[in-house]
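Architecture at a glance
What follows is each chain in one-letter form.
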Amino acid sequence: MMPLIGNMSDKYGRKALLTVPLSLAIVPSAILAYSRTRNFFYAYFVVKTLIAMVCEGSVPCLALAYVADNVPEGRRASAFGILSGIASSAFVCGNLSTRFLSTASTFQVSASVAIASLVYMRVFLQDSIIDEQLTAPILTSTGKPKGKGKAHATNEIPSKNGKTFKSAPSMEDMLCLLKSSVTLSQAAVVAFFYSLAEVGLHASLMYYLKARFHFNKDQFADMMVISGIAGTISQVVLMPILAPALGEARLLAVGLFFTCVHVFLYSIAWTFWVPYVAAMFSVLFVFSQPCMRSIVSKQVGSCEQGKAQGCISGISSFANVISPLIFSPLTALFLSERAPFHFPGFSIMCVGFASVRAVTS
């Protein structure tokens, strides 16, 4: 769905497409805000699943495309970092607010904030003006990539008879887009393995820490808050300074390297405070996603930002499906008495190897 939504946003505007997921996101929270009985929970679960099939991850994807539309290339990495930092701060605020709200109030506040975000977007957000005449299409009239680099600006109006992407891009269209640039292909590989490692860690870590150090929900929340605060400060304060100085490629390498370090530290944790130290490494590993997205945005023209970001989001979503299927059973095995050898953190270490593959890409 992400390539489709991204492609439609290139044609019909980011604001129009943002309206869909922001509107639908209100419904699940509103159901539980009304009642939390068994039947309403099942209704919530079904509605949430159906909505997620259509628009899970579409708001960050479209937000990135919107930023790319309105920020020059030289400042794009910093802008993407600030955007991610704001999202991290929202994550922290959400976690902290649940400490002071009752269960019923939590869902009521969630629904209210979702409504407020939709109203704010419709009233205050100005839609991007995408001038397709200023950018050459990635595919030529023969359907082949124009070259290995990014599309260059041109004043020529693309031929109406030339092949263009359909509203629902086929797999061939996506492959042509990814093959249009070596950098874009490499970014797709990095996105796959990075998401594989990130979701694998989230799918395994809580079970591992509960079995190893008897962590409870409050300790998990504390770790999330620590990681979120460190990531927010890093992306909002440090990234605008480091991105122009080091460049996206070097900063991406730094982020991926410390992703490996913090995952391996979890796997060999020998006492309860080590996971808290590992969580603080988010100061450095949060650079990965904004830098990768900035690199991707520079490989395509202004009329293809949604499509490119949608393709990367789609690849990441595919990794999100595969990852728990691999790492959850592995975690269960090595936390049980049937483990072939005693190493409770082995599945976490395997997650680290997946992140190493992202670095080598």
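Remember, it's a predicted structure, so these values are computed and weren't measured experimentally. (Residues numbered from 1 in each chain as written. Predicted model: local features only at pLDDT ≥ 70, side-chain atom pairs only at ≥ 80, totals over all residues. Heavy atoms only, no water.)

Focus on helix α7 (residues 103-124)
When the terminal C-alpha atoms of α7 are compared, their 32 Å separation across 22 residues agrees well with the 32 Å that a helix rising 1.5 Å per residue should span. Among the residues of α7, A111, A114, L118 and M121 are the ones counted as buried. Taken down its axis, α7 places every buried residue within 95 degrees of arc, on the same side. In α7, those exposed residues whose orientation departs by more than 90 degrees from the buried face are V113, Y120, V123 and F124. (Helix = DSSP H or I, 4+ residues; strand = E, 2+ residues; numbered from the N terminus. Expected span 1.5 Å × (residues − 1). Buried < 20%, exposed > 50% of the residue type's maximum accessible area, 1.4 Å probe, protein only. Arc of directions from axis to C-beta.)

A short note on helix α4 (residues 38-55)
Compared with the 26 Å implied by 1.5 Å per residue over 18 residues, the 25 Å span of α4 between its first and last C-alpha is a close match. Taken residue by residue, α4 has Y44, I51 and C55 as its buried positions. One side of α4 carries all its buried residues, which in axial view fall inside an arc of 45 degrees. Projecting away from the buried face of α4 at angles above 90 degrees are the exposed residues R38, N39, F45, L50 and M53. Of the surrounding elements, those touching the buried residues of α4 are α1 (2-12), α2 (14-24), α3 (26-34) and α5 (58-70). Looking one or two places after α4, you find G57, whose phi comes out positive at around 80 degrees. (Contact = heavy atoms within 4.5 Å.)

Thoughts on the packing of α3 against α7
Taken N-terminus to C-terminus, the directions of α3 and α7 make an angle of 150 degrees; their axes are 8 Å apart at the nearest point. Put simply, α3 runs roughly antiparallel to α7. Our pair here, α3 against α7, has a crossing hand that is left-handed. Contacts between α3 and α7 pair I26, S29, A30, L32 and A33 from the former with F107, Q108, S110, A111, A114, I115 and L118 from the latter. When grouped by side-chain class, the residues that make up the contact of α3 with α7 number nine nonpolar, three polar and no charged. (Axes fitted to C-alpha atoms, helices over the stretch in contact; angles between N-to-C directions. Parallel < 35°, antiparallel > 145°, perpendicular 65-115°, else oblique. Left-handed = near helix turned anticlockwise from the far one by under 90°. Nonpolar A, V, L, I, M, F, W, Y, C, P; charged D, E, K, R; others polar.)

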